[in-house]
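Chains, contacts and geometry: an overview
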Amino acid sequence: VAWGDMGCVASISESGGEQSAAADFEEARRWRDEVVAYRRTVKASVVRSQALVTRRPDVFCELLEEPWRPGEHYDVGDLFHSTFKKSSMEINIAFKGGRYKKHDLFYNYGRSIVLALKSKTSGSVCSACLLVAHTTGAGDVFEMIWFATRGKKQNAGLGTCLFRRCCQLTSAVGAKAL
């Protein structure tokens with residue numbers, strides 16, 4: 001596994017018990033830059049449509065362009081890594097738009113989006129999800145890969161609120177389904 005200012009290299013292949021880097025550092029940096037550009041384009045669309053407006057007094061919704069960057073408070077990395085402990089490496093790769101292969105499955109996170117509900121008082125992430133856009137014969141669709149709500153915030157309707165934001169985002173960018 002290669003390490004740099006991005007953390008783990010953006011493409012890892014797991015087969016059996018061994019891991020091998022499948023991309024050089026420059027390719028990983030290019031993937032990261034491309035996914036950030038994609039997220040900025042999507043963010044501009046949803047801001048214009050107000051798809052991320054929650055109308056809740058306690059949280060606001062944000063599309064994170066660089067979810068791997070640590071926040072001042074409880075961030076999306078903390079939430080996902082504590083909830084999906086066995087998927088930490090894949091989460092790091094997905095945050096950076098990389099490619100991930102495990103056994104016979106190949107995942108391309110080049111068109112991934114991370115949405116987070118953050119507390120208005122502390123800025124901490126309360127609930128978050130990672131979506132990936134796929135192109136099909138009928139048009140673009142979003143696949144929800146990870147969805148988590150912080151333990152202390154469960155049963156407060158935040159998961160429902162975030163899922164609604166996902167549905168509105170899907171409509172705002174012209175995708176056919178979630």
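The written sequence of each chain sets the order in which its residues are numbered from 1. Residue-level local features of this predicted model are given only where pLDDT is at least 70; pairs of side-chain atoms are given and counted only at 80 or more, and the full residue set underlies all totals for whole chains, interfaces and linings. Just so you know, side-chain values use all the structure's heavy atoms and leave hydrogens and water out.

Observations regarding the packing of helix α2 (residues 76-83) against helix α3 (residues 88-95)
For helices, the fitted line uses only the C-alpha atoms of the stretch in contact; every axis is such a line through C-alpha atoms, and the angle between N-to-C directions lies from 0 to 180 degrees. Helix and strand assignments follow DSSP, with helices taken as H or I runs no shorter than four residues and strands as E runs no shorter than two, numbered in order from the N terminus. As a packed pair, α2 and α3 sit with axes 9 Å apart at the nearest point and diverge in direction by 150°. Judged on the interaxial angle alone, α3 and α2 are roughly antiparallel. Handedness of the α2/α3 crossing: right-handed. Residues Val76, Gly77, Phe80 and His81 of α2 form the contact with α3, whose own contacting residues are Ser88, Ile91, Asn92 and Phe95. When residues are sorted by character, Ala, Val, Leu, Ile, Met, Phe, Trp, Tyr, Cys and Pro go into the nonpolar class, Asp, Glu, Lys and Arg into the charged class, and all the rest, Gly among them, into the polar class. Considered class by class, the residues forming the contact of α2 with α3 number four nonpolar, four polar and no charged. Roughly parallel means an angle under 35 degrees; roughly antiparallel means over 145; roughly perpendicular covers 65 to 115; every other angle is labelled oblique. Here is the rule for handedness: rotate from the far helix to the near one, and if that takes an anticlockwise turn smaller than a right angle the crossing is left-handed, while a clockwise turn gives right-handed. We call two residues in contact when some of their heavy atoms are within 4.5 Å.

Details of α2
For each residue, the accessible area found with a 1.4 Å probe, counting protein chains only, is set against the maximum for its type, and the residue is called buried under 20%, exposed over 50%, and partly exposed in between. Among all positions of α2, only Val76, Gly77, Leu79 and Phe80 are buried. The arc that holds the buried residues of α2, viewed along the axis, is 165°, so those residues lie on one side. Each element contacted by the buried residues of α2 is listed here: β5 (59-64), α3, β8 (112-119), β9 (125-136) and β10 (139-149). In protein, a polar contact requires one atom able to donate a hydrogen and another able to accept it; more generally it is a pair of N or O atoms within 3.5 Å, and residues adjacent in sequence count only if both atoms are side-chain atoms. A side-chain oxygen of the first residue of α2 lies 3.1 Å from the backbone nitrogen of Gly77; this N-cap is Asp75. This arc is built from the directions going out from the helix axis to the C-beta atoms.

Focus on the packing of aromatic side chains
Only rings of Phe, Tyr and Trp enter the pairing, Trp through its six-membered ring, and a pair is recorded when the two centres are within 6.5 Å. The plane angle decides the type: under 30 degrees is stacked, over 60 is edge-to-face, the rest tilted. Evaluated as defined, the whole model comprises seven aromatic pairs. Ring centres of Tyr107 and Tyr109 lie 6.2 Å apart, and the angle between their planes is 20°; this geometry places the pair in the stacked category. For Tyr109, a relative accessible area of 1% gives the class buried. Pairwise contacts between aromatic rings join Phe80, Phe84, Phe95, Tyr100, Tyr107, Tyr109 and Trp146 into one cluster.

Shape descriptors only; they carry no functional weight alone.
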